[in-house]
Amino acid sequence: TNRNVATDDLDLQTISDVLWAAYGFNRDDKRVIPTANNKQELMVFAVLKDAVYLCDAKQNKLVLKAKGDHRVASAGQDFANNAPLNIVYVVDYAKGTDTIQSGIACGAAVQNVYLACASKELACVIRTTIDKGEMRKILKLTDKQEVFAGQTVGKIAK
């Protein structure tokens with residue numbers, strides 16, 4: 001963990017690589033992380049300074065969910081308020097999962113991001129300090145979807 005996060009933007013390839021490490025596909029209908037009975041219950045959102053996007057790994061694209069800077073709601077800690085990337089992990093309980101299974105899946109995604117960040121010499125921090133109520137509104141979640149955790153990524157401040 002490194003909370004010394006610079007506010008400098010990350011290039012799109014770095015963002016793409018980090019998000020793929022979190023929850024991408026590496027073979028037909030199989031994620032880079034395990035999910036119980038292949039339920040694939042996580043949703044991964046990228047909170048950038050201009051908008052919030054749902055990561056659609058199947059289509060390899062970001063889907064706009066909300067315009068504007070919502071990093072403070074996705075942060076909960078001062079160092080993350082202006083970070084170039086806050087990842088928000090959401091669990092979709094409609095897929096028949098439970099908290100333990102989802103916690104394992106989320107933990108695997110978080111660890112993959114830590115490894116990707118280590119390989120790119122980026123700062124990375126997992127957080128549960130998200131304003132979950134505000135993020136629920138921003139992401140327009142259903143009653144079966146829950147904000148589970150967040151992760152801040154950025155260049156290491158000098």
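Quick look at the structure, then. In this convention, every chain numbers its residues from 1, walking through the sequence in written order. With the structure being a predicted model, the display of local features is reserved for residues of pLDDT at least 70 and the display and counting of side-chain atom pairs for 80 or more, all residues being used for whole-chain, interface and lining totals. Hydrogens and waters are ignored; side-chain quantities use all the structure's heavy atoms.

**A look at the overall build of the chain**
Next, step 1: Runs of E in the DSSP output that reach at least two residues are strands. Runs of H or I that reach at least four are helices, and both are numbered from the N terminus. A count of helices and strands for the chain gives four helices and eight strands.
Next, step 2: Seen in sequence order, the chain has helices and strands lined up from the N terminus as α-β-β-β-β-β-α-β-α-β-α-β.
Next, step 3: Whereas a compact globule of 158 residues would reach a radius of gyration of roughly 15 Å, the chain reaches 14 Å, a difference of no more than 12%.
Next, step 4: Structurally, the chain occupies a C-alpha span of about 45 × 30 × 25 Å along its principal axes.
Next, step 5: In the chain, which comprises 158 residues, the share counted as buried stands at 49%.
Next, step 6: Here the chain displays about 7,800 Å² of accessible surface, and carbon together with sulfur accounts for 50% of that area. Atoms considered for the radius of gyration are the C-alpha atoms alone. The globule rule reads 2.2 Å times the number of residues to the power 0.38. The buried label applies to any residue whose accessible area, calculated with a 1.4 Å probe on protein chains only, is under 20% of its type's maximum; exposed applies above 50%, and partly exposed to all values in between. Computed with the Shrake-Rupley method and a 1.4 Å probe, the accessible areas treat only the protein chains shown as cover for residues.

**Comments concerning helix α4 (residues 132-139)**
Next, step 1: If you check which residues of α4 are buried, you get M135, I138 and L139. Each buried residue of α4 lies within a common arc of 90 degrees when the element is viewed along its axis, so the set occupies one face.
Next, step 2: The elements touched by buried residues of α4 are β3 (42-47), β4 (51-56), β5 (61-67), α2 (71-75), β6 (85-92) and β8 (145-155). The directions from the helix axis to the C-beta atoms form the arc being described. Contact definition: two residues touch when any of their heavy atoms are within 4.5 Å.

**Digging into helix α3 (residues 99-119)**
Next, step 1: By this rule, a helix spans an expected 1.5 Å times one less than how many residues it contains. With 21 residues, α3 extends 30 Å between its outermost C-alpha atoms, agreeing within 8% with the 30 Å of an ideal straight helix rising 1.5 Å per residue.
Next, step 2: Along α3, the positions that sit buried rather than exposed are S102, A105, C106, A108, A109, V110, V113, Y114, A116 and C117.
Next, step 3: What qualifies as a polar contact is a pair of N or O atoms within 3.5 Å, subject to a donor-acceptor requirement within protein and to the restriction that residues adjacent in sequence count only when both atoms come from side chains. Taking the backbone nitrogen of I100 as reference, a side-chain oxygen 3.1 Å away marks D98 as the first, capping residue of α3.
Next, step 4: Taken from the residues just after α3, E121 is the one with a positive phi, measuring 55 degrees.

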